[in-house]
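What follows is the residue order along each chain.
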Amino acid sequence: MALTDDAIAKIRSMVQSGELPPGARLPPEPQLAEQMGLSRSGVREAVKVLESARVLDVRRGDGTYVTSLAPRLLLEGLGVAVELLRDDTLLEVMEVRRLLEPMATGLAALRMTDAQLDDLSAILEQMRAAADDAEQLIRFDTAFHHTVVATTGNETLTSLLDGLSGRTLRARVWRGLIESNSAHTTIDEHHAIYLALRSRDQLLAQASALLHVNTSEAWLRTVLAAKVANG
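A brief look at the structure comes next. (Residues numbered from 1 in each chain as written. Predicted model: local features only at pLDDT ≥ 70, side-chain atom pairs only at ≥ 80, totals over all residues. Heavy atoms only, no water.)

**Let's talk about the overall build of the protein**
- Assigned secondary structure in the protein consists of 12 helices and 2 strands.
- Listing every helix and strand of the protein by position from the N terminus yields α-α-α-β-β-α-α-α-α-α-α-α-α-α.
- A compact globule built from 231 residues should have a C-alpha radius of gyration of about 17 Å, whereas the protein, at 22 Å, is more than 25% larger.
- Across its three principal axes, the protein shows a C-alpha extent of roughly 65 × 50 × 30 Å.
- Counting only residues that meet the buried cut, the protein has 42% of its 231 residues in that class.
- Look at the contacts in the protein between residues 6 or more apart in sequence, and 70% of them connect residues 24 or more apart.
- When the accessible surface of the protein is totalled, it reaches about 12000 Å², and 54% of it is carbon and sulfur. (Helix = DSSP H or I, 4+ residues; strand = E, 2+ residues; numbered from the N terminus. Rg over C-alpha atoms; globule rule 2.2 N^0.38 Å. Buried < 20%, exposed > 50% of the residue type's maximum accessible area, 1.4 Å probe, protein only. Contact = heavy atoms within 4.5 Å. Areas by Shrake-Rupley, 256 points an atom, 1.4 Å probe, with all protein chains shown as cover.)

In structure tokens form, the structure reads like this:
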């Protein structure tokens, strides 16, 4: 493991320094191992780890390349990690969303085009039509929030919030809302966000998004508390 960690650190350093820029092809394994003064097995394992982290792209029969290093690739694992979090840490995820999502929504109010707003309106109508279908609501809810944040043009922010808003987390909130006949209220909150965005009102968009995240967090607390009460 120590040799593998050393190889990972050295390859990562080569990428960070620009010696291996995005799209660059790594030297063949024997040459790379000799260059770094490490065993071939250590280099081989390091490449596997960095491939999983989306830093390297191993193309069979062609070679190993540095990926684009785009945020959507490097932060892809965040969503997987969130899906594995235990109940007592899901509320921490909601807290991070509460810090990031309202600011992102406010920024979107200044940057969304009319065409993007029209797309958002269509998603909102789909949500209303699927008000009693948890699976459909999860899909449209994901599309709604991704569309809003993506219009900021900040790929890192979009990737972070996509990862923090995992499917399991959304499912628990929406199923709780449907069971309590409160789904329509939350859909109305999405409509309020849309109206604020349509009016290009940054502060109102922030406030509307904050209210919505707070509602989602409150319902998640209710769902988790009920689970504890039921053993």
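**As for the layout of surface pockets**
- Looking at the largest pocket, its volume works out to about 380 Å³.
- Contributing to the lining of the largest pocket are 18 residues, with E29, V47, V58, G63 and T64 lying nearest its centre.
- Of all the secondary structure elements, the ones that give two or more residues to the lining of the largest pocket are helix 2 (29-36), helix 3 (40-52), strand 1 (56-59) and strand 2 (63-66).
- No other element matches helix 3, which puts 5 residues into the lining of the largest pocket.
- Residues of the lining of the largest pocket, tallied by class, amount to 7 nonpolar, 3 polar and 8 charged. (1 Å grid on protein atoms, 1.4 Å probe; cavity = no way out; pocket = protein on both sides within 12 Å on 5 of 7 lines; lining within 4 Å. Points joined across faces, edges and corners; volume = space filled by probe spheres on them. Nonpolar A, V, L, I, M, F, W, Y, C, P; charged D, E, K, R; others polar.)

**Describing the environment of L204**
- Here L204 shows up in helix 12 (residues 202-229).
- A residue is classified by how much of its surface remains accessible, and L204, at 42% relative accessible area, is partly exposed.
- For the pair L204 and N214, spaced 10 residues apart in sequence, the C-alpha separation works out to 15 Å.

**A look at the pattern of salt bridges**
- A full pass over the atoms with the stated rule returns 12 salt bridges.
- Between E101 and R97 there is a salt bridge; the shortest N-O distance is 3.0 Å. Of the two residues, E101 and R97 both sit in helix 6 (residues 87-111), 4 residues apart, roughly one turn of that helix. For the pair shown, E101 and R97 are each scored as buried.
- Note that D118 is salt-bridged to R198, the shortest N-O span being 2.9 Å. One end of the pair, D118, is in helix 7 (residues 114-129); the other, R198, is in helix 11 (residues 183-198), and 80 residues separate them in sequence.
- Taken together, the shared-partner salt bridges in this structure form one network comprising E29, R40 and R44. (Salt bridge = Lys/Arg side-chain N within 4 Å of Asp/Glu carboxyl O.)

**Comments concerning the packing of aromatic side chains**
- As enumerated under the stated definition, the model contains 0 aromatic pairs in all.
- Looking at R59, its charged tip hangs above the ring of Y65, at a distance of 4.0 Å from the centre. (Phe/Tyr/Trp six-rings, centres within 6.5 Å; stacked < 30°, edge-to-face > 60°. Lys NZ or Arg CZ within 6 Å of the ring centre and 35° of its normal.)

**A short note on the nonpolar core**
- With 22 residues, the main nonpolar core has M112, L120, M127, F144, V148 and L197 as its most contacted residues.
- Sorting the residues of this core by element identifies helix 6, helix 7, helix 8 (134-150), helix 11 and helix 12 as the ones contributing at least two each.
- In terms of residues, this core owes the most to one element, helix 11, which gives 6 residues.
- Grouped together as the second largest cluster of nonpolar side chains are 20 residues, M14, A24, M36 and V58 included. (Core = buried A, V, L, I, M, F, W, Y, C linked by side-chain atoms within 4.5 Å.)

**Re the packing of helix 6 against helix 12**
- Taken N-terminus to C-terminus, the directions of helix 6 and helix 12 make an angle of 165°; their axes are 7 Å apart at the nearest point. Classed by the angle they form, the pair helix 6 and helix 12 counts as roughly antiparallel. Judged by the sense of rotation from one axis to the other, the crossing of helix 6 with helix 12 is right-handed.
- Of the residues assigned to the contact of helix 6 with helix 12, the class counts are 14 nonpolar, 7 polar and 7 charged. (Axes fitted to C-alpha atoms, helices over the stretch in contact; angles between N-to-C directions. Parallel < 35°, antiparallel > 145°, perpendicular 65-115°, else oblique. Left-handed = near helix turned anticlockwise from the far one by under 90°.)

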